[in-house]
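Residue-level listing of the chains:
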Amino acid sequence: MTEDDVVRIVRLYIEALFPRVCPNCGRRFVSLRDYLEKTTHLASPILYDDITDSVPQNPIGPMSLANCTCGTTLTVSSSGIPAAQMIELLTWARTESHRRSISVRELLGHIRDRIDRQVLEGPEGEVRDVPP
């Protein structure tokens, strides 16, 4: 698995989560692009799974937090990714973060930034690769 594979898999998964609605103000986000344009990320994505030594058999997976314009914190989680695929993604992240000598959280932030650039720089709905 390559970084490009991870970006493609995660982006396709996240894009399928839309449309979404803010539970507080009712703002509707019709697409991932719309969501990225109208929310503000909060720090790097969070991973509650401890993958220091190995990846758990039933991982929770990462989640990303963002604030709606009304101030409500919204979550994009990976809970819908099948466990086998999540294990493969987290195994890649564990290996890759060691190879790059960075934390898994830094790597997740990098992956999120690449997806954001693809979505915001390309025509809506187009899956384009933007170099890291």
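Scroll up to find the structure this text is about.
Residues numbered from 1 in each chain as written. Predicted model: local features only at pLDDT ≥ 70, side-chain atom pairs only at ≥ 80, totals over all residues. Heavy atoms only, no water.

(A) Examining unusual backbone geometry more closely. The peptide bond linking F18 to P19 adopts the cis configuration, its omega dihedral lying at 10°. Position of P19 among the secondary structure elements: in the loop between α1 (3–15) and β1 (20–21). Even without being glycine, A43 reaches a positive phi, approximately 55°. Mapped onto the elements of the fold, A43 is located in the loop between β3 (39–41) and β4 (46–47). Residue A43 is classed as exposed on the basis of its relative accessible area, which comes to 54%. One non-glycine residue, S101, lies in positive phi territory at about 55°. Mapped onto the elements, S101 comes out in the loop between α3 (83–100) and α4 (104–121). Owing to a relative accessible area of 67%, S101 belongs among the exposed residues under this scheme. (Helix = DSSP H or I, 4+ residues; strand = E, 2+ residues; numbered from the N terminus. Buried < 20%, exposed > 50% of the residue type's maximum accessible area, 1.4 Å probe, protein only.)

(B) Inspection of the pairing of strand β6 (residues 73–77) at higher detail. Of the two faces of β6, the one lined by L74 and V76 is fully buried and the one lined by T73, T75 and S77 carries no buried residue. Pairing analysis gives five bridges linking strand β5 (residues 62–68) to β6, with the strands arranged antiparallel. The partner of A66 across the bridge, within β6, is L74. Hairpin connection of β5 to β6: four residues between the antiparallel strands, including G71 at a positive phi of 100°. (Pairing = 2+ DSSP bridges.)

(C) Inspection of α1 at higher detail. Look at α1: 18 Å from first C-alpha to last across 13 residues, which is about the 18 Å you get at 1.5 Å a residue. Burial in α1 covers these residues: E3, V6, V7, I9, V10, R11, Y13 and I14. The secondary structure elements touched by the buried residues of α1 are α2 (32–38), β6, α3 and α4. (Expected span 1.5 Å × (residues − 1). Contact = heavy atoms within 4.5 Å.)

(D) Molecular detail of the environment of S77. Here S77 shows up in strand β6. Expressed as a C-alpha distance, the spacing of S77 and I60, which sit 17 residues apart in the sequence, is 8.8 Å. Those residues in contact with S77 that sit more than four places away from it in its chain are Y13, L17, P62 and M63. One polar contact links S77 to S79, side chain to side chain, over a distance of 3.1 Å. (Polar contact = N/O pair within 3.5 Å; in protein donor to acceptor, adjacent residues only side chain to side chain.)

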